[in-house]
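Architecture and fold: a report
Read off the chains here:
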Amino acid sequence: MQDNKEVIQQSLATYFRQINDLSLVIHLADQCVRSICSKELTLQRCLNTFVSKPLFNSFPELSAIENELNCLVDSKYFQKKIALDNCNLNVCASLLPQKNEINSTSQSSEQAPAEHCALVQISVAEPATDSTFMYLLSRALEAAQHGITIADARLPNQPIIYCNQAFSELTGYNIGEILGRNCRFLQNSDNDQRGIPIIHQAIEKGTECKTVLRNYKKSGEMFWNELTISPVFNGSGEVTHFVGIQYDITDQMVVEGALKESERRYRTLFETNSDGIAYYDLDGSCLDANDTYCHMLGMKWEKVIESNSEHVTPKNWHRIDAKIRNNQIKQCQHCQEYEKELIRSNGEVFPVNVRQCLHINELGHPVAFWLLVRDISRQKETMEKLRHSKQLLTETGKLAKVGGWELFSDNTVFFTQETTSILKLTNNQSDLDTFSSMFHDEHSHLFSKSVEITLDTGEPLDLNLRTETENNTQWLRLQGNRKVNDEGRTVIVGAIQDITETKVAQDKLLEHESHLQHLAHHDTLTGLPNRLLYNDRLHHAITRASRENYKLAVLLLDLDRFKNINDSLGHEIGDQFLKCIANRANECIRQSDTFARLGGDEFVVLLEDTPDIHDVVLVAKKLLKAISKPVQVENHNLHSTASIGISLFPDNGTHGDELLRCADSAMYQVKEKGKNNYQFYTEEINHRAVELLILENDMHKALEDQNFTLHYQPQLSLSDLSIIGLESLVRWEHTGRGMISPGDFIPLAEESGLILKLGEWVLMESCRQAKEWLDMGYQFGRVAVNLSAKQFHRSDIVGQVKQALATFELPADNLELEITEGIAIENIEVTIETLKELKSLGIHLAIDDFGTGYSSLSYLKRFSIDKLKIDKSFVDDILTDEGGAAIATSTIALAHQMGLKVIAEGVETQQQSDFLKEYYCDEAQGYLYSRPLTKEQAEAFFQSHKTLKNL
């Protein structure tokens, strides 16, 4: 029985050690029990000797057994000597009898109930004495709030022979379901845990261990368990039992997990922030910084950490920084924002916006600074560009017709005649209140306040103010300076200008600039990827397909008879139809694929990772079905079909151009066979490519035999319809096929490189013909020659122009070269230098198709040009589309402010001509005035063009 007593005592001691870690209390409790049991001391003396009353009462676990200890002292069982038979004894649930079984102190040793030994038979000489003692100790274990188990180390599988009620409640199993089982049953099949080998090692070596496990309740719910295992030794030093203390730390683990997740989110935000983030102590030493901040300074993290804030700040900012920090600390100001400068590791100084936040600890004391730093170099550059633009507009305004006004100190205002016209006044005299009331509410107050400041301080007045009537919004620019007139009176002398058109143009241009990046990669009508973005995705898709050895498909889609919709119902209906078709078709493909608009009614689909050709067929059929459904646009029920050409990688090509060319050939095959179908590229379709090759060879021969001719379209001044120039347009009269459209052979010439030779011939022939006409006495102004991209960038264009002028002795003033907006921005710096060289020859330069490309205004100002050419697409819409009209009028206003002339192409109606003339467009060309003419027709036009003035 002594072994059983030791097990209970060690269990109690182990529990107290885990709860409070007070070895003194454990020792005193143990001595207290031993003394009472041996009748060496009374309870009161024991308490006085070993445990002070306040200390005893401080621990409920000890206080809970005080009554039982009193009963034990008075019991007759302490008068008997305890003797145990030498037997195989297992401490189990039957060893810890229930309270109602030991209350009867008269029970003899021979009357020990048999059910107390459910697992093994126990032979005990005096069972009541030790059972009562162990009962008292077990009550302490049962009173514990944490789970306690005792496992027999001598039996196979170390079964549990005791567990307290707390362990049963913790696991959800009743005690009967627990006893006799190994604790690992709580782990279910979750055996991949770091703590399990630790437990195995401790059991094997008979040592203590402490670890954390994932255990599972009877309900299947997982809980985190902190487990402490302590061995129990017999008198021979052998391990007889293991005592386990179980703590449910699920809530703690959840809190710790949340803290770790919070830390992870913080670090992610810190490291991935696009702004620089740094943490400085109050002395200016950097404690931490993210990659953006380090990259901003051009320094590695270790170098940044070693640096002081003064090391990365220009000297002129040291005192300012210190003052800002000190004020923030002194006022305990949480955050403040300001601009300053920093120094990169290469010595470059750059501006930043700093949001500086004071880190205050839990005691309310400032300990450090958080800095959120944003590089505003680009913002400053943009502001500088805007400032420069404003200066340019100011200088331009000096040349514009403006009105004048004069304000006296008695608030009397006088206006010039032009001012009364601008303000629509009938009287040239007023007062300040009436003058102010003409402007919008907030502008009225602003003007009055600005006048007051100018009169008081002499600060110049310069305001843009808005006036509003029922049908009109007008923007006016007011400028003024304080003067003293001849009479000695203080006055403000100012100017006023109607800048409504300029304001509208600026807003449009700023909007255009802000959407530049998006427009560069997306179609403006449908929002789909454009050719540029499609080509980029195709390039990357081919790279992946080559590396991972899978197929991809290119589907070129062209709408059938769409031109009929456009021609019969107009572009607005056609555009709405296109958008609807684009949306439908886009829904037929996967998100991982690409649906792009190449232009007009031509679209392309890129299908990636298509191992089965039937998948491609399925997509093609879905597209045909979706497009063939009627589209309701306003009151029109519109129908269309599509022709789809399909090429496969790598079967039909390994490059993007090859795949698109093959798909194009297949698509034209569908067109020829009746449309509304799809066609995979085959070798038979290659016949068309052969025809194009033949056409290219014929073009070579035509250049050698000089079978190309030039037609000339007159360009007229809108003010008096006088001829100011002719545009040279190349034509090809094929010996076998007749007249071939420029739309067929110009792209082929571009693709084959023949455009260089053809372009040089056009330049030389235009100069020759112009000189011939001059010698004949015709006054036609200038001959305008279009340059291709390859001709401008890949040939000695300056040398060619010099040679042409010299060869035919043509005055440079009679030659004008046109380049498209797209050509101009292809290589900005080279373009600028080439235009300067050409301009130095004395010729005229024009930007063709202005508004269709993506040129920046900052670059436009640097081009040495004389004229902007409004594209026909804008002219077509000026009477029906407010956007097209706004762009056209804005282009005219912009060009005039920059000292450039404007010519509109594609003028076909008198209404278009009148509109352009009303908005001061300088020149125009189009079918309204004349179609392109042969040499003889042009000479006849020279004789009769004056009749156009009657149009």
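What you see is a predicted model; the values in this text were computed from it and never measured.

The next point concerns the overall build of the protein chain. When its secondary structure is counted, the protein chain shows 37 helices and 32 strands. Of all 951 residues assigned to the protein chain, the portion counted as buried reaches 47%. Partitioning the contacts of the protein chain with sequence separation of at least 6, the portion at a separation of at least 24 is 57%. Counting only carbon and sulfur atoms, one obtains 49% of the accessible surface of the protein chain, whose full area is about 49,000 Å².

On to the sheet that holds strand β1 (residues 147–152), then. If you walk across this open sheet you meet the five strands as β2-β1-β5-β4-β3, and the pairing is antiparallel. The sheet is open, and its two edges are formed by β2 (160–163) and β3 (209–216), each paired on a single side. For this sheet, the mean angle separating the axes of adjacent strands, direction not counted, is 30°. Here β1 runs beside β2; their pairing, made up of three bridges, is antiparallel. The residue bridging A151 from the neighbouring strand is I160, located in β2.

Moving on, we come to the packing of helix α21 (residues 531–548) against helix α25 (residues 656–672). One way to put it is that α21 packs onto α25 with a least axis distance of 10 Å and a crossing angle of 115°. Viewed along their axes, α21 and α25 adopt a mutual orientation that is roughly perpendicular. Note on element contacts: α25 touches α21 through G656, L659 and L660, opposite R531, Y534, L538 and I542. For the contact of α21 with α25, the class distribution of residues is five nonpolar, one polar and one charged.

A few words now on a negative patch on the surface. A cluster of acidic residues, E572, D575, E634, D881 and E882, forms a negative patch at the surface. On the basis of relative accessibility, which here comes to 54%, the residue E572 falls in the exposed class.

Before going further, it helps to spend a moment on the side chain of T834. With respect to the helices and strands, T834 occurs in helix α32 (residues 828–840). Beyond its immediate chain neighbours, meaning those up to four positions away, T834 contacts F792, I797 and V798.

A word on the pairing of strand β22 (residues 641–649). Walk down a regular strand and you will see the side chains alternate between the two sheet faces. Where burial is concerned, most of β22 is hidden: nine out of the nine residues are buried. Note that strand β17 (residues 552–560) and β22 share nine bridges and pair antiparallel. Among the inter-strand pairings, D558 is bridged to a residue of β22, identified as S643. Bridging between β22 and strand β23 (residues 677–680) involves four bridges; their strand directions are parallel. Counterpart to G645 in the pairing with β23 is Q679. As a crossover connection, the stretch from β22 through α25 into β23 is left-handed.

Because each turn of an α-helix spans 3.6 residues, side chains separated by three or four positions end up pointing in the same direction. Compared with an ideal rise of 1.5 Å per residue, which puts 13 residues at 18 Å, α32 spans 18 Å between its outermost C-alpha atoms and is within 8% of the ideal. Backbone geometry just downstream of α32 places G842 in the positive-phi region, at approximately 100°.

Our next topic: the pairing of strand β18 (residues 594–599). In terms of burial, β18 is a largely internal element, five of the six residues being buried. The pairing of β18 with strand β19 (residues 602–607) spans five bridges and is antiparallel. Across the sheet, the residue bridging to R597 is F603, located in β19. Counted between consecutive antiparallel strands, the loop separating β18 from β19 contains two residues, among which G600 sits at a positive phi close to 60°.

Between its first and last C-alpha, α25 extends 24 Å over 17 residues, near the 24 Å set by a 1.5 Å rise per residue. Among the residues of α25, L659, L660, C662, A663, S665, A666, M667, V670 and K671 are the ones counted as buried. Backbone geometry just after α25 places G674 at a positive phi near 120°.

Turning our eyes to something else, we now look at a nonpolar patch on the surface. Taken together, the side chains of M383, L386 and L510 present a nonpolar region at the surface, about 300 Å² in accessible area. Within the secondary structure, L386 is located in helix α15 (residues 377–399). Relative accessible area serves as the criterion here: at 44%, L386 is assigned to the partly exposed category.

This next bit is on the side chain of S230. When you line up the elements, S230 lands in strand β4 (residues 222–233). Among the polar contacts listed, one links the side chain of S230 to the side chain of E208, at a separation of 3.4 Å.

Before going further, it helps to spend a moment on the packing of helix α28 (residues 755–775) against helix α30 (residues 797–808). The geometry of α28 relative to α30 is characterised by a closest axis approach of 9 Å and an angle of 30° between their N-to-C directions. Relative to α30, the element α28 lies roughly parallel. Handedness of the α28/α30 crossing: right-handed. In contact with E760, L763, M764, C767, R768 and K771 of α28, α30 contributes Q800, V801, A804, T807 and F808. The residue makeup of the contact of α28 with α30, split by class, is six nonpolar, two polar and three charged.

A few words on the nonpolar core. Generally speaking, nonpolar side chains in soluble globular proteins are found buried as a group. Core analysis: the largest hydrophobic core is formed by 81 residues, its most contacted members being F708, L815 and L817. Among the elements that take part in this core, α28 stands out by supplying nine residues, more than any other. Sequence-distant contacts of L817, defined by excluding residues within four places in its chain, comprise L763, V785, L787, V801, L838, I843, H844, L845 and A846. L528, A585, V605 and A620 belong to the second-largest nonpolar core, a separate cluster that totals 35 residues.

Attention shifts here to the sheet that holds strand β12 (residues 412–415). One open sheet accounts for six strands, arranged β13-β12-β11-β16-β15-β14; its pairing is antiparallel. Every other strand in the sheet has two partners, leaving β13 (429–431) and β14 (461–468) as the edge strands with one partner each. When strand polarity is set aside, the average angle formed by the axes of neighbouring strands in this sheet is 25°. Along the sheet, helix α18 (residues 441–457) contacts β11 (403–408), β14, β15 (473–484) and β16 (490–498); its crossing angle with β14, the most-contacted strand, is approximately 160°.

Our focus in this paragraph is the state of the cysteines. Tallying each qualifying case throughout the model produces one disulfide. Disulfide pairing is shown between C335 and C357; the S-S distance is 2.3 Å. Of note, the bridge from C335 to C357 carries an S-S torsion of about 105° and is right-handed in sense. You can see C335 sitting in strand β8 (residues 335–343) and its partner C357 sitting in strand β9 (residues 349–360), a full 22 residues away along the chain. Classification of C335 as buried rests on a relative accessible area of 18%. For the unlinked cysteine C294, the closest cysteine sulfur is that of C286, found at 7.4 Å. We classify C294 as buried; its relative accessible area is 5%.

Bringing the pattern of salt bridges into the picture now. The final tally for this structure, using the stated rule, is 39 salt bridges. Measuring nitrogen to oxygen at the nearest pair gives 3.9 Å for the salt bridge that ties R547 to E548. Taking the relative accessible area as the measure of exposure, R547 reaches 57% and is therefore exposed. Among the residues examined, E548 registers a relative accessible area of 48% and is labelled partly exposed. K867 is the partner of E816 in a salt bridge, and the nearest nitrogen-oxygen pair spans 3.1 Å. Of this pair, E816 sits in strand β28 (residues 815–820) while K867 sits in strand β30 (residues 867–870), and the two are 51 residues apart along the sequence. For the pair E816 and K867, one class covers both residues: buried. When salt bridges that share partners are traced, they join E765, R768, E772, K935 and E939 into one network.

Criteria and thresholds
- Residues numbered from 1 in each chain as written.
- Predicted model: local features only at pLDDT ≥ 70, side-chain atom pairs only at ≥ 80, totals over all residues.
- Heavy atoms only, no water.
- Helix = DSSP H or I, 4+ residues; strand = E, 2+ residues; numbered from the N terminus.
- Buried < 20%, exposed > 50% of the residue type's maximum accessible area, 1.4 Å probe, protein only.
- Contact = heavy atoms within 4.5 Å.
- Areas by Shrake-Rupley, 256 points an atom, 1.4 Å probe, with all protein chains shown as cover.
- Pairing = 2+ DSSP bridges.
- Axes fitted to C-alpha atoms, helices over the stretch in contact; angles between N-to-C directions.
- Parallel < 35°, antiparallel > 145°, perpendicular 65-115°, else oblique.
- Nonpolar A, V, L, I, M, F, W, Y, C, P; charged D, E, K, R; others polar.
- Patch = residues over 30% accessible without salt bridge, like charges linked within 9 Å, V, L, I, M, F, W, Y side chains within 5 Å.
- Salt bridge = Lys/Arg side-chain N within 4 Å of Asp/Glu carboxyl O.
- Lys, Arg positive; Asp, Glu negative; His and termini not counted.
- Charge placed at Lys NZ, Arg CZ, Asp CG, Glu CD.
- Right-handed = clockwise from strand over helix to strand, strands pointing away.
- Expected span 1.5 Å × (residues − 1).
- Polar contact = N/O pair within 3.5 Å; in protein donor to acceptor, adjacent residues only side chain to side chain.
- Left-handed = near helix turned anticlockwise from the far one by under 90°.
- Core = buried A, V, L, I, M, F, W, Y, C linked by side-chain atoms within 4.5 Å.
- Disulfide = S-S within 2.5 Å.

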